[in-house]
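The residues making up each chain are set out below.
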Amino acid sequence: MAGGKIRKERASASNRAPSNHYQGGISFQKSKGQHILKNPLLVDSIVQKAGIKSSDVILEIGPGTGNLTKKLLEAGKQVIAVELDPRMVLELERRFQGTPFSNRLKVIQGDVLKTELPRFDICVANIPYQISSPLTFKLLFHPTSFRCAVIMYQREFAMRLVAQPGDNLYCRLSVNTQLYARVSHLLKVGKNNFRPPPKVDSSVVRIEPRKPGPQVNNKEWDGFLRVCFIRKNKTLGSIFKQKSLLLMLENNFKTLQALLASLHNNGEAAATHLADHSMGIEDDDNEMDDDDVDMDDGEGETSEFKDKVMNVLKEGGFEEKRASKLSQQEFLYLLSLFNKSGIHFT
């Protein structure tokens, strides 16, 4: 009888607040990606694996109520915490006010994607999963160098970050991230380690920016990968035969030739316009499935430019290869062959 009453009371509480969970009087909202780490052993493990030095300035993104923040303050010199929710900001300030940590904690209220980040040595964060991709590249392109970032991601996203050629989850995100950083998987984290628990498991990933950074044009590289991963399991030969893609590349080629010719007359202005010119490929991290788009290979039609593109693929032995199997070095080599032939993706 008592067990029945407990179940009724829990169901009633669940009905009153289906999406909010509480800690210290603060409700957490799943819709905003608010999942607070509640396992102290896991918090300790993350801090240990981050390899924090006593002289480090630590950037924490989404500190919540400060469970991880406290351990970071104990390990490093200073913590700069970026938090969007004003309720969490007040809770952080209240929690550390009057403690030895108060003068070593700086809280910035705002959207981390729109905030100019200060210099830091290491980033440790349990982030809202909906900002995973833009935040990762914001950190990788941060103007001042940092040693590493240790970040909690949704597990599938994390496995895409570390995926290797031939893996099911290997994608443009994998190649892009691994060009700019060494990425390693540290921990798998079950959903019950959070309050409220998310719907999926998570993983902690370590990201170490490469030093020196790669000598590539970022826009060129990204535009090139977008084309290769339009349908990652199709051969590159079939992808580059699409009429719409060939037309786009040819227009790009002609524009580039015209701009190069005008450099003699307009100099710096033409160079600036060239740098700003980019292909009209949608900004989407997800590659298309094989049934998503009608591949029109233009069979029966030939053109000088199409032959030019196919010759590049044949020269490098890439015509029958697939993006899902190519290594980073192979992508870099193929891009260099296209550029050598005057074909660019920006």
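Residues numbered from 1 in each chain as written. Predicted model: local features only at pLDDT ≥ 70, side-chain atom pairs only at ≥ 80, totals over all residues. Heavy atoms only, no water.

Going by an unreviewed UniProt entry, the chain carries the name rRNA adenine N(6)-methyltransferase and comes from Capsella rubella. Recorded in UniProt for the chain, the comment headed Sequence similarities (unreviewed entry) runs: "Belongs to the class I-like SAM-binding methyltransferase superfamily. rRNA adenine N(6)-methyltransferase family." (UniProt positions renumbered as here; feature names shortened; annotations may be inferred.)

Draft legend 1. Focus on unusual backbone geometry. Cis geometry marks the peptide bond from K211 to P212; its omega dihedral reads 0°. By secondary structure assignment, the location of P212 is in the loop between β11 (202–209) and α8 (218–228). (Helix = DSSP H or I, 4+ residues; strand = E, 2+ residues; numbered from the N terminus.)

Draft legend 2. Structural detail: the packing of aromatic side chains. Counting across every chain of the model gives 16 aromatic pairs. Considering the side-chain rings of Y170 and F229, the 6.3 Å spacing of their centres and the 70° angle between planes classify their relative orientation as edge-to-face. Taken together, the positions of Y170 in the loop between α6 (155–162) and α7 (172–180) and F229 in the loop between α8 and α9 (236–239) put the pair 59 residues apart, joining distant regions of the chain. The buried category is assigned to F229, whose relative accessible area is 2%. The interplanar angle of 50° and the centroid separation of 6.1 Å between the aromatic rings of F318 and Y333 together place this pair among those described as tilted. Separated by 15 residues along the polypeptide, F318 in the loop between α12 (304–316) and α13 (328–340) and Y333 in helix α13 bring together distant segments of the chain. Residue Y333 is classed as partly exposed on the basis of its relative accessible area of 41%. Ring-pair connections join several aromatic residues into one group, and the members of that group are Y170, W221, F224, F229, F240, F331, F338 and F345. Over the aromatic face of F318 sits the side chain of K321, whose NZ or CZ is 5.3 Å from the ring centroid. (Phe/Tyr/Trp six-rings, centres within 6.5 Å; stacked < 30°, edge-to-face > 60°. Buried < 20%, exposed > 50% of the residue type's maximum accessible area, 1.4 Å probe, protein only. Lys NZ or Arg CZ within 6 Å of the ring centre and 35° of its normal.)

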